[in-house]
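# Chains, contacts and geometry: an overview
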Amino acid sequence: MTQSFLRRLSVSSFIFCFLGIAAIAQEPFKLSSGDNVLEIGGIVSSYMNIRSYTPGTTPKYKNNTFCLKDARLDLSGKFGKDFDYHLQMDFAGMPAVYDPASPFLNDAYITYKGVKKFANIRFGYGKVAYSLNSIVDHEWTPYWERPLVTKGDFFARRDIGIRLDRSFWNDRIKAYAGVYTGVGELSLGGLNDPSGAFEYAGRVEVGYPERLKEFDAIIDTKNSKHLSVLVGLNTRYSKRMLPNDPKQTYFIPGETGALTDDSVYNCKVVDGEKIIYGGDISILYHGFSVQAETHILNATPTNHNNGILNNTYALYNNTNFKAGGWFVTANYFSKKYKSLLSVRYEELNANDLVPGMTKRIAYSYCYQIKGFHSMIRAEMYHIVDQTEAIMISSWNNQFRIGWQFAIE
């Protein structure tokens, strides 16, 4: 056995032992001393993955395997009345530190609440306040995998930066504004890309009759007697220009994402001006819930010969390109049968200068042994239509079934 394997085994053993003890209470351990509090939680989840491919595509049967989705240790608490902190590590992501879908470090930030009349101030690494589906942890949802437009290759889900947030109208409205490195999960490497630019993001949520916490806005486990609605609007902007120096003409490897088969068309980061704007809505009533999101990207590359413009003429492309996607999810939760049923439809256009589109539908059934803290989740993805050549890798149907155990 290698030393690396032994280290991972010892860490995983600690987490499993900890969760086994915490299972008695089904809630995080809490240590406190006056106004200082430390809570220790975590999650372990794993699933079996099976793919099927249509004729004419190259099967990747190596993906038919068992996967460890989560092996997380979660530390959170407060220091006095003005400071909160959160540190969350996922040891399942150790082999893929910079994978946006499975990072090793999920959160590492401090929040200062001493100027509430102005805003709460958060500094460090964590989720960018953009997109409800991206913000909510997957363990509070019916699916193992997020839609293509929000899973982390269309825009960065996590980054290092500073974020301000403030609530209004008896907490029915919450506004966020942040400045980030713009290189997403790669910010953990400690360097910006050669452009040296930043990304700016903002979000506003409005809820009625009250603003739901994000993890409560997905599934109506409380069987709401009154219609509850949460609406969010958000945007993010960056202007990244690579220098003319031949030694600095490339972004950090992996920075542009892995959305498409041809890396030329990846648009997580663009050499030029990029703006994304989108909105989401969540509606809950009597065990039923619906979520819908849409995101639109508009980018103007610095170089008009950039391959991302698909070799089209300036008169045709107006020196820019657009991309985007949307999805809608319908859910039903039965407390009596401890069951959650869900169906989701999504569309994605990775580049409007490349003909075609990707369309998928997903189904999910979850059996809650003890709520979301101990739950069996099964999901199936079916490709409805795949005509966008640069997204051909997504041309597969997929089935996953697994179990999650969370102390949060």
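Residues numbered from 1 in each chain as written. Predicted model: local features only at pLDDT ≥ 70, side-chain atom pairs only at ≥ 80, totals over all residues. Heavy atoms only, no water.

### What about the overall build of the chain?
Along the backbone of the chain there are three helices and 17 strands. Relative to its 408 residues, the chain shows a buried fraction of 49%. Taking contacts inside the chain between residues at least 6 apart in sequence as the whole, the part at least 24 apart equals 64%. One finds the centroid of the 44 positive side-chain charges in the chain at a distance of 5 Å from the centroid of its 40 negative side-chain charges. (Helix = DSSP H or I, 4+ residues; strand = E, 2+ residues; numbered from the N terminus. Buried < 20%, exposed > 50% of the residue type's maximum accessible area, 1.4 Å probe, protein only. Contact = heavy atoms within 4.5 Å. Lys, Arg positive; Asp, Glu negative; His and termini not counted. Charge placed at Lys NZ, Arg CZ, Asp CG, Glu CD.)

### Digging into the packing of aromatic side chains
All told, the structure shown has 11 aromatic pairs when counted by the stated rule. Arranged with centres 5.8 Å apart and planes meeting at 40°, the rings of Trp140 and Phe215 form a pair that is tilted. Here Trp140, found in the loop between helix 2 (132-135) and strand 7 (158-168), pairs with Phe215, found in the loop between strand 9 (199-208) and strand 10 (228-240); they are 75 residues apart in sequence, far enough to count as distant. With 6.3 Å between their ring centres and 25° between their planes, Trp169 and Tyr208 make a pair best called stacked. Of the two residues, Trp169 is situated in the loop between strand 7 and strand 8 (173-180) and Tyr208 in strand 9; the sequence distance between them amounts to 39 residues. Every member of this aromatic cluster is reached through a ring pair, and the members are Tyr130, Phe154 and Phe155. Sitting over the face of the ring of Trp169, Arg172 holds its NZ or CZ atom 4.8 Å from the ring centroid. (Phe/Tyr/Trp six-rings, centres within 6.5 Å; stacked < 30°, edge-to-face > 60°. Lys NZ or Arg CZ within 6 Å of the ring centre and 35° of its normal.)

### Remarks on the pairing of strand 7
Consecutive side chains along a regular strand alternate between the two faces of the sheet. Pairing of strand 6 (residues 120-127) with strand 7, which is carried by eight bridges, proceeds in the antiparallel orientation. Opposite Arg122, over in strand 7, you have Arg163 as the bridge partner. Connecting the antiparallel pair strand 7 and strand 8 is a turn made up of four residues, with Trp169 showing a positive phi of about 50°. (Pairing = 2+ DSSP bridges.)

### A word on unusual backbone geometry
Residues Tyr208 and Pro209 are joined by a peptide bond in cis, for which omega reads 10°. Inspection of the secondary structure assignment puts Pro209 in the loop between strand 9 and strand 10. Even without a glycine there, the phi angle at Asn318 is positive, about 55°. Position of Asn318 relative to the elements: it lies in the loop between helix 3 (314-317) and strand 13 (321-334). Despite not being glycine, Thr319 has its phi angle at roughly 60°, a positive value. Inspection of the secondary structure assignment puts Thr319 in the loop between helix 3 and strand 13.

### Some thoughts on the pattern of salt bridges
A complete count under the given rule lists 21 salt bridges for this structure. Of the charged contacts in the structure, one is a salt bridge between Asp165 and Arg163, with a shortest N-O distance of 3.1 Å. For Asp165, a relative accessible area of 4% corresponds to the buried category. In this structure, Glu199 and Arg236 form a salt bridge, with 2.9 Å as the shortest nitrogen-oxygen distance. Of the two residues, Glu199 sits in strand 9 while Arg236 sits in strand 10, which places them 37 residues apart along the sequence. On the basis of relative accessible area, Glu199 is assigned to the buried category, the value being 8%. Classification of Arg236 as buried rests on a relative accessible area of 2%. Each of Glu145, Lys151, Glu346, Arg360, Glu379 and Arg400 takes part in a single network of salt bridges with overlapping partners. (Salt bridge = Lys/Arg side-chain N within 4 Å of Asp/Glu carboxyl O.)

### Focus on the environment of Gly114
Considering the arrangement of structural elements, one finds Gly114 in the loop between strand 5 (105-112) and strand 6. Sequence separation of Gly114 and Lys81 is 33 residues, and the distance between their C-alpha atoms is 7.9 Å.

### So, the confidence of the model for the chain
Per-residue confidence for the chain averages 89 on the pLDDT scale, and 90% of its residues sit at or above 70. Counting interchain partners and residues more than four positions distant, the pLDDT-below-50 stretch residues 1-12 has four contacts. In this model, residues 18-25 is a region of pLDDT below 50 whose contacts with residues beyond four sequence positions or in other chains number 15 contacts. (pLDDT = per-residue confidence, 0-100.)

### With respect to the side chain of His86
Here His86 lies in strand 4 (residues 83-90). At a separation of 2.8 Å, a polar atom in the side chain of His86 contacts the side chain of Asp74. Those residues in contact with His86 that sit more than four places away from it in its chain are Asp74, Leu75, Ser76, Asp107, Ala108 and Tyr109. (Polar contact = N/O pair within 3.5 Å; in protein donor to acceptor, adjacent residues only side chain to side chain.)

### Considering the environment of Asn306
Tracing the backbone shows Asn306 in the loop between strand 12 (288-301) and helix 3. When the C-alpha atoms of Asn306 and Leu186 are compared, they prove to be 23 Å apart, with 120 residues separating the residues in sequence.

### Structural notes on the nonpolar core
Counting residues in hydrophobic clusters, the biggest one holds 26 residues, and the most contacted among them are Phe154, Leu259, Cys267, Leu297, Phe321 and Met391. Every element with two or more residues in this core is listed here: strand 12 and strand 13. Counting residues per element, this core draws most heavily on strand 13, at three residues. Formed by 14 residues, the second largest nonpolar core is a distinct cluster that contains Trp140, Ile218, Phe333 and Leu340. (Core = buried A, V, L, I, M, F, W, Y, C linked by side-chain atoms within 4.5 Å.)

### Brief notes about empty space enclosed by the protein
Overall, the coordinates contain three cavities of 30 Å³ or more when judged by the stated rule. Computed from the structure, the largest cavity encloses a volume of approximately 160 Å³. Lining the largest cavity are 18 residues; nearest its centre among them are Asn133, Thr141, Ile218, Thr329 and Arg344. Of all elements in the fold, only helix 2, strand 11 (272-285), strand 12 and strand 13 reach the threshold of two or more residues within the lining of the largest cavity. When its volume is computed, the second largest cavity comes out at roughly 90 Å³. Considering the residues around the second largest cavity, the lining is formed by 13 residues, among which Gly182, Glu199, Lys268, Val269 and Lys274 are closest to the centre. Ranked by residues supplied to the lining of the second largest cavity, first place goes to strand 10 with three residues. The residue makeup of the lining of the second largest cavity, split by class, is four nonpolar, three polar and six charged. (1 Å grid on protein atoms, 1.4 Å probe; cavity = no way out; pocket = protein on both sides within 12 Å on 5 of 7 lines; lining within 4 Å. Points joined across faces, edges and corners; volume = space filled by probe spheres on them. Nonpolar A, V, L, I, M, F, W, Y, C, P; charged D, E, K, R; others polar.)

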